[in-house]
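Overview (structure and organization)
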Amino acid sequence: MAATAVRYLRSVGAATATAAPGAVDPLPRPDLRAVAHDERPPVDPGAFRQVLGHFASGVTVVTAHGPDGPAGFACQSFASLSLDPPLVAFMVARTSTTWPRIARAGAFCVNILGAGQGALCRGFAVSGADKFAGVGYAPAPATGSPLLDAVPAWVDCRVQAVHTGGDHLIVVGRVEALGATEGDEGPLLFHRGTFGRFES
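Each chain carries its own residue numbering, running from 1 in the written order of its sequence. Confidence filtering applies because this is a predicted model: local features only for residues at pLDDT of at least 70, side-chain atom pairs given and counted only at 80 or more, and all residues used for totals across whole chains, interfaces and linings. Hydrogen atoms and water are omitted, and side-chain values are computed over all heavy atoms in the structure.

Going along the chain from the N terminus, every DSSP run of H or I of four or more residues is numbered as a helix, and every run of E of two or more is numbered as a strand. Looking only at helices and strands, the protein has 4 helices and 12 strands in total. Note on contacts: a residue pair is in contact if any heavy atoms of the two residues lie within 4.5 Å. Taking the contacts inside the protein whose residues are at least 6 apart along the sequence as the reference set, 64% of them involve residues at least 24 apart. Surface accessibility in these figures is a Shrake-Rupley result with a 1.4 Å probe; residues are shielded only by whichever protein chains are displayed. Carbon and sulfur atoms make up 58% of the accessible area of the protein, which totals about 11,100 Å².

This is how it looks when you write it as structure tokens:
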């Protein structure tokens, strides 16, 4: 439940007094370091990205609808977490300007993209633009978060918990509703910096 996340945020000193009912305040963004300033980092950031880029992942757009309108961002760090209770998780950078809007909503919809939706993903990957311009959507059944038109699958969630993970936050959502279509398009994949599709 969102209340669990709010209690956690209060326990670590995050302000929650101004949050709307059901909203989850984003965690503060301290300057986190795994090593001291005079120590050599254990792994070169460029090498980290290059090696981990070999792991292919699906691509999603995480959306929410708050008092200031729809919000969303492209996300490849999404995964199922638990069957009982039904939980999913995604990771978001602490520097994200979209995450605070989703946190205020206290709910989100994960739109799982199909192989032909690379342009849609790119539109939600930019910062500062009107990401919903020309994008059709309807309210997801449980939370009202934007469910994008023509996505092959979607997962409608309420924020269950938020955990720190270095320069990212780990957001856990409790699944309230979900669905999929019967299309044969296959998933949109991200691998070594480019989009691709699954070949069976």
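This brings us to the nonpolar core. Throughout, nonpolar core names a set of buried Ala, Val, Leu, Ile, Met, Phe, Trp, Tyr and Cys residues whose side chains join them through atoms within 4.5 Å. Each residue gets one of three labels from its accessible area relative to the maximum for its type: buried under 20%, exposed over 50%, partly exposed in between, using a 1.4 Å probe on protein chains only. Membership of the largest hydrophobic core comes to 19 residues, with the highest contact counts inside it found for V62, F90, W99 and F108. Per element, the largest residue contribution to this core is 4 residues, and it comes from strand β9 (residues 153–165). Residues L120, F132, A140 and V151 belong to the second largest nonpolar core, which totals 16 residues.

The next subject is the sheet that holds strand β4 (residues 78–82). One requirement defines pairing of two strands: DSSP has to find at least two bridges between them. Judged by pairing direction, the sheet is antiparallel, and its 7 strands sit side by side in the order β3-β2-β6-β9-β10-β5-β4 without closing on themselves. In this open sheet, the two strands that pair with only one neighbour each are β3 (69–75) and β4. The mean inter-strand angle of the sheet, taken between neighbouring strand axes irrespective of direction, is 35°. Axis definition: a line fitted to C-alpha atoms, limited for helices to the stretch in contact. Angles are taken between N-to-C directions and run from 0 to 180 degrees. Contacts from helix α4 (residues 118–125) reach β2 (60–66) and β3, with the element oriented near 110° to β3.

With that settled, the discussion passes to the packing of aromatic side chains. Whether two aromatic rings pair depends on their centres lying within 6.5 Å, for rings of Phe, Tyr and Trp, where Trp uses its six-membered ring; planes under 30 degrees apart make the pair stacked, over 60 edge-to-face, and the rest tilted. Under the definition given, this model contains 5 aromatic pairs. When the ring of F90 is compared with that of W99, the centres are 6.3 Å apart and the planes differ by 75°; the resulting orientation is edge-to-face. Each member of the pair, F90 as well as W99, is classed as buried. With 5.3 Å between their ring centres and 70° between their planes, F132 and Y137 make a pair best called edge-to-face. Overall, the relative accessible area of 10% leaves F132 in the buried class. Since its relative accessible area comes to 33%, Y137 is described here as partly exposed. Three or more aromatic residues joined by ring pairs form one cluster here, namely F73, F90, W99 and F108.

Per residue, pLDDT measures the predictor's confidence, with a range of 0 to 100. Of all residues in the protein, 70% attain a pLDDT of 70 or more, and the chain-wide mean is 82. In this model, residues 12–20 is a region of pLDDT below 50 whose contacts with residues beyond four sequence positions or in other chains number 9 contacts.

Let us look at the environment of L87. With respect to the helices and strands, the residue L87 is situated in strand β5 (residues 87–93). In sequence terms L87 and R158 are 71 residues apart; their C-alpha atoms lie 9.6 Å from each other. Dropping the residues within four chain positions of it, L87 is found in contact with S80, L81, S82, Q160, V172, G173, R174 and V175.

What follows deals with the environment of V175. Turning to its location among the elements, V175 is positioned in strand β10 (residues 168–180). Look at V175 and you get buried, because its relative accessible area is 15%. When the C-alpha atoms of V175 and S82 are compared, they prove to be 9.9 Å apart, with 93 residues separating the residues in sequence. When sequence neighbours within four positions are dropped, the list of residues in contact with V175 reads P86, L87, V88, V155, D156 and C157.

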